[in-house]
Structures are given as C-alpha cells and as structure tokens.
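For reference, the chains in residue letters:
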Amino acid sequence: MGELVQLTTFGLSEREIQGALGRVKVRDVDYADLYFESCVSEAVSMEESLVKRATKSISQGVGVRATAGEKTGFAYSDDLTRKDLELAADAARYIAQSPGASQPVPVPVQQRPTRNLYPVEQATVEVATADRVALLNAIDIEARRYDSRITNVMASFNTEYKRVVVATSEGTIIGDVQPLSRLQITCIAEEKGNRQVGTFGGGGRVPFEFYQNEERYLAYAREAARQAILNLSAVAAPAGVMPVVLGWGWPGILLHEAIGHGLEADFNRKKTSAFSSLVGKRVASNVCTIVDDGTLPNRRGSLNMDDEGTPTNRTVLIERGILRGYITDKLNARLLGIPLTGNGRRESYQSVVLPRMTNTFMLAGESDPQDIIRSVGHGLYAVSFGGGQVDITNGKFVFSASEAYLIEGGKVTKPVKGATLIGSGPEILTKVSMVGHDLKLDEGVGTCGKEGQSVPVGVGLPTIRIDEITVGGTQD
Amino acid sequence: MELKIDLRVPSMSYQLQQENGYAPLAADLLRQANRFGATEADIIIADGETFSVQVRLGAVDRLTKAREKRLGLRVFVGRRSASTSTSDFSKESLDQLVTQTCTLAKAVVEDPLSGLPAAEQMAIERPDLDLHDPTKLETDHQIDMARRAEAAAMSADSRVTNSEGAEFDSSSGRVVLGNTHGFIGEYRSSSFSLSVTPVATDQQTGMMQRDSWYGIQRKFSKLDSPEAIGAEAARRTVRRLGARKTATQRVPIVFDQDTAGSVLGTLCSAVSGYALYKRASFLVDQLGKSIAPEWVTVYDDGRMVGGLGSRPFDGEGLPTRRTTVVDRGVLTSYLLDTYSAKKLGLNSTGNASRSVGENPSVGPTNFYLVPGTKTAQEIIASVRQGLYVTELIGFGINMVTGDYSRGVCGFWIENGELAYPVEEITIASTLQQMFAGIELVGSDLVFRGRLASPTMKIAEMMVAGN
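Looking only at helices and strands, chain A has 11 helices and 24 strands in total. For chain A, whose C-alpha radius of gyration is 24 Å, the value lies close to the compact-globule estimate of 23 Å for 476 residues. Overall size of chain A, expressed as C-alpha extent along the three principal axes, is 75 × 55 × 35 Å. Taken across its 476 residues, chain A has 63% of its residues classed as buried. Here the contacts in chain A between residues at least 6 apart in sequence split such that 76% fall between residues at least 24 apart.

Written out as structure tokens, the structure reads:
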C-alpha cells in the first residue's frame, strides 16, 4: 500500500478541508476538489568537466476546482491559510453562478493508495550533493574516454520529491508521495570542422542506486558519446515516401503522437479530434494492440493514483487494430458517460486537470526483428528520436529521428542525419505490417506538453515495419 | 478524527514588508547570506495576479484566477555558486533557504569566471518603458471578450462548425531584483491577450481543420477587437479545408509572419552565449562573418517602449539596450549575460534572462528582422512554383549542426498565387543555407511576441511529400 500522506504536511485539518469544500460546492457545482502539493526539486549540472551549477526549488500550494456541467472554475494559491483557501474557493465557484449558500459535503475520510509502485525513501532521492557531483564527474571521464573526438560533455541530474493530497466533495482525502529523477547526458563530437551531438539519459520514480546499479550512469555516458561519434559519419537523409522500420523503445513516441493524444477524452468530448467517431472501428492493422498503463513499477509515467485520486489503470486503447476507448479524467468521463481510467493529470497545483497519457506502448508481436529489417528493399531504420508533435484535429503528426540508418537491400547501411517523419494518425497504424517480439519501454526521460503543462510520461514499442510514411530529408 | 490545526501565518514583520514592497525583505536576506558565508549574492522576487477564461461554444469552459509569488536566491561563496527558490515566504522557510543555498554552493566546484557583474556596470537610470497598464477588468467583461471573439469566428463562415474555444488572459506583476553591490531595481508589467481556435469541416469529406488567431498587448486599449481576431481566425481555418500532400521537390519557400518569426528564433538561440561557448551552435566561430545577404539586419532591442520583451534592466541588473545582431548580413554580435560573455572574452549585452530559481541564462528582449519594402502579396507573386508556409510543427532542428527538417501546413503557390492548401509534408535544409538564402524580406513587421519577423522568402528548400 502507498504511504499515508498526513494533512499536517500542509498544516491543515480535516475540518478545515471540509469547510473549504463546502464553500466551493454551492448548489450547481457537480464536483469540487482541493489539490495540495509540496514539491522539492534539485538539480546539479556539469559542463567543461566542472560541476559548477546546483539549484534547489521549493514550491507549495493548493489548487481549488469546481465543475458545473461542462464548466470548470479554478483558482490556486501558494499560501495555505484559511483566508487564502476561502478566496480561492470563492473564485472557483464563480462559474456556477449559483446564489450564495454552500452545501454540506461529507466528512472526508483519509485514505491511502492501494498500491505502492515506487517505494522510494526520501533520503535515497535527496542524496548528498557530493554523491551527485561524483556521478557527474565519472560520466565526464567515461564519455571522453570513449573517443578522443568527444570535445564537450554536458550532464545534468534532476530530482523531484512531491507530496500531494487530493480532497474531494465526494468525501475522500487521498495522498501520494511521488519521487522522480532523471539523468541526461549530451556529448559534442568534433572532427575537422564537423560538429555533431549525441544525447542519452534515463530515469524514473527510482532511488539514487538505480543509476549506480550495473554502472548504468556510465552506460548512458557511452551511449551519448556513441551517438555523437556515429553522427560524424552521417549522410543526408532521403526525402519522400518509403518503408520505415522503427526500433524498440523510445520510437514508441510514434504511438504517443499519432494516436495517444487523439484518444484523450477532452478532444473527443469536444469532437475536435480526428478520432472522434471511430470507437469500435479499425484504425490499425490487426497486429497492433496498444495500451496506456500507469501501473508499471518505478516507471516515469506511472502513478499510484492520478491527480484526482483515482487509481491508475492499464487501459486498452487499440485491440488488434480496433479502437476500444479513450483515456479519461473525472469531468470528461462524466460528460461522455464512459469509464474513468485514472488519467486525470496536472503539472502542479497551478494547473487544471486534463486527461493525459501515462506509459503508452504497443504489445509485442511475433516477428523476428531481423526479419523485419530484411523485408525492406530500400527504406529507413530509425532507432532514436527527438521530439514529436500532433495536430489533433486533422490528425497529422511529426517526429524527428536523432539516430537513423538507410536500409539497402534488406541490410542496415549508412547512418543518416536527423529526418522528420510525417503522417496521419488515423491512417499510419493501418500500414504497420510487422510487429517484433522485442517490446521495450523507453529509458525514462519523456515529458509530454499539452496546453502549456508538462507531465512525465513513458512510451514503448517493439521493432515494427511501417509500409510507407513520408520521410522529410534533403536528398532526392 | 480531528488533526492538529497549525495554520501557517507568515511572520508579522515579513508580512508588513510585503505590503511596503519587497526591497527591505531582499536587503535583509542578502545580509543574512553574507553572514552564512556568501561573498556575493543576488535575489529576485516576482509576484503577480493572473486571470484566464476559456469560452467554448458560447459557454464558459474554464475560469482561472490566481495570485502567485516566488523568490529566488543566488549566492557565491568565493567562486562557488548555487541558486534556490521558494514560494513559501514564511520567515522560518526563508531563513532555511539562505542556509541551504550557502551549503549547496559549498558542495560544487570553483568556477573561476563565476560571480556578479562588476558594481559599476549596474543599471543606473531606470527608464519608464510603459510596460504596465493598471486597467482592472471585471470578470464578466473578460468573459464577454472571449465570447465575442468566438462568436465572430463561428458566424464568419458556415464551414466553421466547431471550436476549441476562445481564451482571454490578463496578468500583471512586478519583478524586484537586488544584489550585494547595493543594486535594487523594480518594475511592473502587464499583458492582455485574446485568442480563438475555430474548427472547420469539409462538407464533402467530413475532414476537419483548425487554426487560430490571437492578439497580445501590454495595454488593454491596444488589443485588436474580439470581432477582428475572431474573423481572422475563421479566415485562416476555412482556407485550410481540402488540404492535400504535394510532390517531393526543391522549391522556393515563403514563410508568413509567424513562421518567419520561428525561423528567426533559431538565429536567436544560435547567438546565445551559452550555446556558443559550449560549441553547441551552428554559428560557432562566425562572428564578423557574412551569414545572410545584405538586406538582412537583425536587432535585439530591450528598450522598445511598450514592447513585449522590453525591460529597464536585465536579469542581473545590467542596463538593457539595442544590440545589432546581424548588420546587413554580417553577424556583428552575440547575445550575452555576464558569465557567457566572460567565457567568450566579451562583454555582456544586457541579455541575462532570469526565471526565479534558475541561474541566469541568455534570452532575447525584442528580437526582430528589420522590414524590407515588399508586401506579402508581392513576395508570393514572385514565386512561380513554391510553398507558402503558415504553420510549422515538430522539433526537427539540430542547433549544433544547423540541420532543419519540420512538418508544415500552408499553400501551394502556382504562378504567383496561392493555388490550394497543403499538409502532411515537410521542408528541409540547413539553417546556414536558409539564412544565406533569404531572397526577400517583407514590409509587414508586427510584434506579437518577443520575436518578430516580416514575411520572408528563402530561395530553395527540399519539400518531402508524395
């Protein structure tokens, strides 16, 4: 079971919370909640072989929300006095336009999440700065030792320790402790005026030892260096429509952009998503089954509960090519009359809840990854990506390769410079003809942005073959 | 079960100080930092109020109101440095912050170039740049602005069938910066913005398109009318209906104002002192060299009256100014703060940008491409076969190498006229070739953010489609 987060962390009592909720929940308000958050984040960074930057940030506050029909009233404050709570409550209930009187809300009952996916002690997150410094110094040495053409190594180690409590007008108070950390390394390689970059990293809801186990931090350093060196010999990427093989892991960003966002319930309630009327219809070939799963231990995108206190789930989005459903928060599940999936997330107390992904991935298929590559006469093999973006309404998405190779005659040949892949969400997965048996999730560095809010997410993919997609290179 | 009541009340003396402005609080914390071993320190305090309303299909969808405040402290213990920040202004918490920051600084290594700018460089005059509008709008008035803008878009064309909504935002706040040289500065600023995102449907195919339009100003009175913003949003949306792919080929590219601003933004990132000393910019070693044709001049002007990026002093307290970044095609200056300038053996350009709690970095003030003489219409008319870009998507920009490959939406140009909308295609080149290939710069410079460019034509890029 998850930790019981005490209200005293925020200096508040159950009676005060009940009072504030009662003040928000006037007649026409369907639902109200208070989200208390206290977050300590720290970062140390290295460049030019010197760990010369350290930062620490403390934030604490409360977000107060009321929903009435499709309307949401929201206010937040970084002070937690009774007066601030009352002011926020009055602002949040404004949208209901109900006359005065508050309504009684049930006496809230403190609960704890039913599972603990990341039993990480605070002390193992907030380790001594000296230990982090030592880690970064070793990374610098390792990356430079990998190849003398590595001319600069930049690395940063970020940790966050967040305590949240959600109190709802339904009478629940539930809290969670959410540790998160990430190690990110960028190497610059230089040779005869040719400068290239390689980036790698990993993390999750893990203790500091995670990075030390099996000398993971050094493996990250070598991987960032390898990519930078590889890119020194990269040729221009081709332009035009061709078959593309995506490698396992991080290329799962395809699913996140091409279909994940399009299946978030808010866009579908508003009927502005290209997927709006496609539930029960075929949107992918029958080798594709895609899930969003917030219940994987220690993963960056995992949560014991979402930011509305709902336990996270494994939700099947696409089953053997057929669109099964959307991911929801409370507001959109209620308005659409569909199940609550535990995907209501927010960046912080300063932002509203939106339906968001957790860890989104395609289940493993039956093909041998080598056979998948051999099946392509002339195409692209993309194994690592930078960012991606989607236009929900017309369904067009892009994502950009940071490590890719030409496939010529069924063989992986020359590395190519970053190329952007562009396609249409509702169509692209119908062109997936082979799915490998090598499913892997990414290393734990993904951040998803929506309406200006960033939340940590995961993606995953087995090796797949897409029969045709437009590759945006410079070469005819 | 009744738990302990322990309401956090900030200490009385600090509360009084807040009402009198933050200067005494800043001075007090700087003195404390000195006592805990800091040889130099600076402090930044930002607070403000924000209001935001989203209206969708005529009804309020979301209404957000907040007050926020944040304090950031940076200390130097000799040549070691650390930064911290907090939103908790209780005396107990701030006292802890000071000691923690000094402890943190002692844990990192010495950096011989770290430190505050020299005392004599600090800004002395504080020009009034007219950044603050005290207009207080009633909640219902703000809702009405958003509602009118959306209604204008919905009624402009029968093909507009749905809406992602309209949003009105207003914010006002102040920034206080102080350091152990005795510098203390404060300025207020405000902003008002209105945007609409309509959705249009193609009657035959059922395919949807969305686009948006917006206005943003420091003065409420300067904001375009909701009706004008709504009508423009509708025009931009319906013209995308029926978009298709085009063939893979090399053609001239015309970027509209917003997408040209995005291209210019890559130049802005590439001239940041931090990217340069880390050798993570495609403009390394290019100072004094020609990077574009002679009709390309780029300024960064921190003193533009009422500018969205204007400020009287930068994130370290140095005076802002106008810097010529590109002079008739020649790269004449980087954008620098104190640290990155020292690393490159140069002087700060007053471009320290500071988000509370972070170390200073380099940011633009009002960064813009000086307009030419041709209208957008004339620029499009100069293209026989090419692409007019109205939206860029994705992150396919490699700042180290200059490789550029992004998804675009726009219009195919045939014989000097917009022929049909296009989508699901990419454009690719290198930023070096793109800047060198700027053929025409339009006359239509409008500031809708810190980065602004007129319409821009680039000689040739690779379009990937069918």
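Contact residues are listed per partner, giving 70 residues for chain B and 76 residues for chain A. When contributions to the side of chain B that touches chain A are tallied by element, the ones reaching two or more residues are β2 (59-77), β3 (80-86), α3 (91-107), β4 (160-179), β6 (208-210), β16 (403-414), β17 (417-430) and β20 (456-464) of chain B. With 11 residues, the single largest contributor to the side of chain B that touches chain A is β2(B). As paired strands, strand β2 (residues 50-68) of chain A and β3(B) are joined by 4 bridges and run parallel to one another. For Ser57(A), the partnering residue across the bridge sits in β3(B) and is Ser85(B).

Let us look at the domain arrangement of chain A. Residues and elements named next belong to chain A. Each assigned domain of chain A is listed here: domain 1 (7-232) and domain 2 (239-472). Taking only C-alpha atoms into account, the centre of domain 1 sits 23 Å from that of domain 2. Taken together, the contact pairs 38 residues of domain 1 with 27 residues of domain 2. Put simply, the parts of the chain that give the side of domain 1 that touches domain 2 at least two residues each are β1 (31-47), β2, β3 (71-77), β5 (150-168), β6 (172-191), β7 (194-204) and α6 (216-232).

Another point: the nonpolar core. Core analysis: the largest hydrophobic core is formed by 277 residues, its most contacted members being Ala143(A), Ile185(A), Cys187(A), Val244(A), Ala404(A), Val471(A) and Val75(B). Top contributing element to this core by residue count: β5(A), with 9 residues. Those residues in contact with Ala404(A) that sit more than four places away from it in its chain are Ala237(A), Leu380(A), Tyr381(A), Ala382(A), Val383(A), Val416(A) and Ala419(A).

We now examine the pairing of β3(B). Residues and elements named next belong to chain B. By the criterion of burial, β3 is predominantly enclosed, with 7 of the 7 residues buried. Here β3 shows a buried face lined by Arg80, Ala82, Thr84 and Thr86 and a second buried face lined by Ser81, Ser83 and Ser85. Of the strand pairs in this sheet, β2 and β3 are connected by 7 bridges, and their pairing is antiparallel. If you follow Val77 over to β3, its bridge partner there is Arg80. The loop that links β2 with its antiparallel partner β3 comprises 2 residues; one of these, Gly78, has a positive phi angle of about 65 degrees.

All names here are of chain A. Relative to the helices and strands, Phe275 is located in the loop between α8 (265-269) and β9 (290-293). Residue classification places Phe275 among the buried positions, given that 22 C-beta atoms sit within 10 Å. C-alpha separation for the pair Phe275 and Tyr326, spaced 51 residues apart in sequence, amounts to 9.7 Å. For Phe275, the contacting residues outside a window of four places in its chain are Gly262, Leu263, Asn268, Leu323 and Pro426.

By a frequent convention, interface size equals the accessible area lost on bringing the separate parts together. All names here are of chain B. Assigned domains of chain B: these are domain 1 (12-51 + 60-116), domain 2 (139-238) and domain 3 (243-466). The centre of domain 1, based on its C-alpha atoms, is set 34 Å off from the matching centre of domain 2. Counting from both sides, the interface comprises 21 residues of domain 1 and, opposite them, 16 residues of domain 2. Within the residue set of the side of domain 1 that touches domain 2, elements represented by two or more residues are α2 (23-35), β1 (40-56) and β2. Across the side of domain 1 that touches domain 2, the residue classes break down as 13 nonpolar, 3 polar and 5 charged.

What follows concerns the packing of helix α4 (residues 129-146) of chain A against α6(A). Residues and elements named next belong to chain A. Axis separation between α4 and α6 bottoms out at 8 Å; the angle between their running directions is 40 degrees. Relative to α6, the element α4 lies oblique. Helix-helix and strand crossings are classified by hand; for α4 and α6 the assignment is right-handed. Contact residues: α4 offers Leu135, Ala138, Ile139, Glu142, Ala143 and Tyr146, while α6 offers Tyr217, Leu218, Ala221, Arg222, Ala224, Ala225 and Arg226. Along the lines of polarity and charge, the residues of the contact of α4 with α6 split into 10 nonpolar, no polar and 3 charged.

The next point concerns the sheet that holds strand β9 (residues 298-301) of chain B. Residues and elements named next belong to chain B. Ordered in space as β11-β10-β9-β14-β19, the 5 strands form an open sheet in which the pairing is mixed. With partners counted over all chains shown, the strands left at the sheet margins are β11 (330-331) and β19 (451-452), one partner each. One ladder, built from 4 bridges, connects β9 with strand β10 (residues 322-327); its direction is antiparallel. Looking across to β10, one finds that Tyr299 is bridged to Thr324.

Bringing the pairing of strand β10 (residues 314-319) of chain A into the picture now. Residues and elements named next belong to chain A. As paired elements, β9 and β10 share 4 bridges and run antiparallel to each other. By the bridge assignment, Asp293 is partnered in β10 with Arg314. A loop of 2 residues connects β10 with strand β11 (residues 322-323), the two strands running antiparallel in sequence, and Arg320 in this loop sits at a positive phi of about 45 degrees.

Even without being glycine, Glu451(A) reaches a positive phi, approximately 50 degrees. Along the chain, Glu451(A) falls in the loop between β21 (447-450) and β22 (453-456). Of note, the phi angle at Arg328(B) is positive, near 45 degrees, even though the residue is not glycine. For Arg328(B), the position within the fold is in the loop between β10 and β11. Take Arg328(B): there are 14 C-beta atoms within 10 Å of it, and that puts it in the partly exposed class.

This part takes up the sheet that holds β10(A). Strands in a sheet are paired, the pairing made by backbone hydrogen bonds, and the direction either parallel or antiparallel. Residue and element names in this part refer to chain A. With mixed pairing, the 6 strands of this open sheet are ordered in space as β11-β10-β9-β14-β23-β20. Because the sheet does not close on itself, it has two edges, and the strands there are β11 and β20 (440-441). In terms of strand pairing, strand β14 (residues 359-362) meets strand β23 (residues 458-461) through 3 bridges, oriented parallel. In the sheet register, Phe361 faces β23, and the bridge partner there is Gly460.

Definitions and limits used
- Residues numbered from 1 in each chain as written.
- Chains lettered and ligands numbered in written order.
- Predicted model: local features only at pLDDT ≥ 70, side-chain atom pairs only at ≥ 80, totals over all residues.
- Helix = DSSP H or I, 4+ residues; strand = E, 2+ residues; numbered from the N terminus.
- Rg over C-alpha atoms; globule rule 2.2 N^0.38 Å.
- Buried ≥ 20, exposed ≤ 12 C-beta atoms within 10 Å, placed from the backbone.
- Contact = placed C-beta atoms within 7 Å.
- Pairing = 2+ DSSP bridges.
- Domains from an automatic or database assignment.
- Core = buried A, V, L, I, M, F, W, Y, C linked by C-beta atoms within 7 Å.
- Nonpolar A, V, L, I, M, F, W, Y, C, P; charged D, E, K, R; others polar.
- Axes fitted to C-alpha atoms, helices over the stretch in contact; angles between N-to-C directions.
- Parallel < 35°, antiparallel > 145°, perpendicular 65-115°, else oblique.
- Left-handed = near helix turned anticlockwise from the far one by under 90°.

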